[in-house]
Amino acid sequence: MKKIESLFTEPASRTAFLLLLLALLARIICVLVQQDSVGDPDSAEYLALAQSIRFHGVFSFGGPHSWGSSPPLNGHGPFLPTDARAPLYPLLIAALWWNAAPPIFAVQIVQVGLGATVCVLTYLIALSLTNYRAALFAGIITAFAPLSSFMTAAIMSETLFTFLLILGFWFWSRKRGLLAGIIFGAAALTRPIVLPFVILIAISAAILKFNRGMHARIALGAFLIIVPWTVRNLATQNALVPIQTQGWAANLFLGTVDIPYGANSNQWMNFQADPAFRSIVSSSETETDAERRMLSAALNRIRTDPSRWLRTRVKEFPRLFADSGMYLVPFIPLSPRLIKFIMLGSSFLFLGLAGVGMIAMRKNWRQFYFVGAFPIFMCCIQFPVYGEPRFMIPAFPLLAIFASIPLANFSWGQKLHHGLAPSDAG
């Protein structure tokens, strides 16, 4: 009873509760207004894998499956084990699959809760590093983040992945290295982009004295979760596949295709116009074969004309951060041009504030380094490959913490003093 009462009497706890309610409301609205949540081939793949797990006990697409296709539900087999995708998100869907129909609404409700919890975790991390005002701004920014909120309704792994990632960073902020590592391992089994990050943490533990014990525990916890799935892949595929085969090579290959400005919403039309892409997709029997051929084609293009590839990546890289907001057009009575102007302006203003916050914190890097490490890692690892703004959703809460620092100081007429104003959180 005392804990419930403290929720409404302690400023920090009361704020966390109110932020949770605001984030829940924003995401519930997004779920209610969206109609088509399974139109993407990625969503169809997750559902097919979940159905095979639920009704056949096999991590399988339920039949032959080629790269980029949408596998049908109720596949008739053969139910061959696959290593194309990471397992945790399909497992979540399978756990909610209680009837014959796909559990779309149940997944969305769970994702509403996970997305709202990300907001609270961001607030708590910021509160442990800065002060009440900055933490409040970080929580508000995360609660109303448009793309993150809209992805809550999609049958895609971003919401679960972001929740696990930020939960891991929350444990890291509390010096719970092994628990942080276990959660990072689960995040890697949701989207394997975390695996290189964990490897870098392990390398830092081996060669640097700074926070060596913490880094070692994080790496150990992550590998304890990842390795069993790697062993499963070795046993079922006769190949050393740490987590999944699909995605790495394809994004490297797609990153060699020059997408004109203004074509962001039709980028797949540009990919389809590439003769090599069409040939690989149409003639590859499996997604694994397609990934192998895309990797070879990508490396060949980069070797043949590295300057063209570099120009393409420099040109396209800013689009990773440019949320045009076109998904808002059907729901907001404003012109698409105005929505795009507002959203792009907001995106780059947010990045600018985050950059100012990082600069302000440079003298306190030992306190803040782990919050900035993953966004910087994402920027580096995404540069060589094709990317979409949704790929940066997991880094958004951590950037929000940095963006909140100048906001908190400027909003109270104070100058930045290493980004920190006196705390009024008590």
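What you see is a predicted model; the values in this text were computed from it and never measured.

Q: Could you give an account of the overall build of the protein, with specific residues and numbers?
A: Counting secondary structure elements, the protein contains 19 helices and zero strands. Over its C-alpha trace the protein gives a radius of gyration of 22 Å, about what one expects of a compact globule, namely 22 Å for 426 residues. Referenced to the eigenvectors of the C-alpha coordinate spread, the extents of the protein come out at roughly 65 × 55 × 50 Å. In the protein, which comprises 426 residues, the proportion classed as buried is 51%. The contacts in the protein between residues at least 6 apart in sequence include a share of 72% that link residues at least 24 apart. A gap of 12 Å separates the mean positions of the 32 positive and 19 negative side-chain charges of the protein.

Q: Give me the packing of helix H8 (residues 158-173) against helix H18 (residues 365-382): which residues, what numbers.
A: In the contact formed by H8 and H18, the axes pass within 10 Å of each other and the chain directions differ by 160 degrees. Considering the angle they form, H8 stands roughly antiparallel to H18. In this structure, H8 crosses over H18, and the sense of that crossing is right-handed. Residues Leu165, Phe169, Trp172 and Ser173 of H8 form the contact with H18, whose own contacting residues are Tyr369, Phe370 and Phe374. Looking at the contact of H8 with H18, its residues break down into six nonpolar, one polar and no charged.

Q: So what's going on with the state of the cysteines? Which residues, and what values?
A: Under the defined criterion, the tally for this structure stands at zero disulfides. Here cysteine 379 stays unpaired: no disulfide links it, and the sulfur of cysteine 380, its closest cysteine neighbor, is 6.8 Å away. Residue cysteine 379 is classed as partly exposed on the basis of its relative accessible area, which comes to 26%.

Q: Provide a residue-level description of the nonpolar core, including the pertinent values.
A: Within the largest apolar cluster, 92 residues are counted, with the highest numbers of intra-cluster contacts made by Ile93, Phe169, Trp172, Phe184, Val194 and Phe374. With 12 residues, the single largest contributor to this core is helix H5 (residues 104-129). Residues Leu252, Phe253, Val257 and Trp309 belong to the second largest nonpolar core, which totals 18 residues.

Q: If you had to explain the packing of aromatic side chains to someone new, which residues and values would you point to?
A: Scanning the model with the defined rule gives 28 aromatic pairs in all. Cation over ring: arginine 54 sits above phenylalanine 55, and NZ or CZ is 4.8 Å from the ring centre.

Q: Kindly report on the side chain of threonine 230, identifying the contributing residues and their values.
A: Tracing the backbone shows threonine 230 in helix H11 (residues 212-237). The class of threonine 230 is buried, set by a relative accessible area of 16%. Setting aside residues no more than four positions away along its own chain, threonine 230 makes contact with Leu240, Val241 and Pro242.

Q: So what about the environment of leucine 240? Which residues, and what values?
A: Tracing the backbone through its elements, the reader meets leucine 240 in the loop between H11 and helix H12 (248-254). Along the primary structure leucine 240 and serine 128 are separated by 112 residues, whereas in three dimensions their C-alpha atoms are 40 Å apart. Apart from the residues within four sequence positions on either side, leucine 240 is in contact with Thr230 and Leu234.

Q: Tell me about the pattern of salt bridges, and please be specific about residues and values.
A: What the rule picks out here adds up to 10 salt bridges. Arginine 85 is the partner of glutamate 45 in a salt bridge, and the nearest nitrogen-oxygen pair spans 2.7 Å. Highlighted residues: glutamate 45 in helix H3 (residues 41-56) and arginine 85 in the loop between H3 and helix H4 (88-95), separated in sequence by 40 residues. With a relative accessible area of 9%, arginine 85 lands in the buried category. Arginine 191 serves as the salt-bridge partner of glutamate 158, at 3.2 Å between the closest nitrogen and oxygen. Of this pair, glutamate 158 sits in helix H8 while arginine 191 sits in the loop between helix H9 (177-188) and helix H10 (194-207), and the two are 33 residues apart along the sequence. A relative accessible area of 2% means that glutamate 158 is categorised as buried. Taken together, the shared-partner salt bridges connect Asp42, Glu45, Arg85, Glu158, Arg191, Glu388 and Arg390 into one network.

Q: Give a detailed account of the environment of glutamate 158, specifying residues and quantitative values.
A: Here the alpha-carbon distance between glutamate 158 and tyrosine 89, two residues 69 residues apart in the chain, equals 9.4 Å. Those residues in contact with glutamate 158, other than ones at most four positions away along the chain, are Met151, Arg191, Arg390 and Ile393.

What counts and how
Residues numbered from 1 in each chain as written. Predicted model: local features only at pLDDT ≥ 70, side-chain atom pairs only at ≥ 80, totals over all residues. Heavy atoms only, no water. Helix = DSSP H or I, 4+ residues; strand = E, 2+ residues; numbered from the N terminus. Rg over C-alpha atoms; globule rule 2.2 N^0.38 Å. Buried < 20%, exposed > 50% of the residue type's maximum accessible area, 1.4 Å probe, protein only. Contact = heavy atoms within 4.5 Å. Lys, Arg positive; Asp, Glu negative; His and termini not counted. Charge placed at Lys NZ, Arg CZ, Asp CG, Glu CD. Axes fitted to C-alpha atoms, helices over the stretch in contact; angles between N-to-C directions. Parallel < 35°, antiparallel > 145°, perpendicular 65-115°, else oblique. Left-handed = near helix turned anticlockwise from the far one by under 90°. Nonpolar A, V, L, I, M, F, W, Y, C, P; charged D, E, K, R; others polar. Disulfide = S-S within 2.5 Å. Core = buried A, V, L, I, M, F, W, Y, C linked by side-chain atoms within 4.5 Å. Phe/Tyr/Trp six-rings, centres within 6.5 Å; stacked < 30°, edge-to-face > 60°. Lys NZ or Arg CZ within 6 Å of the ring centre and 35° of its normal. Salt bridge = Lys/Arg side-chain N within 4 Å of Asp/Glu carboxyl O.

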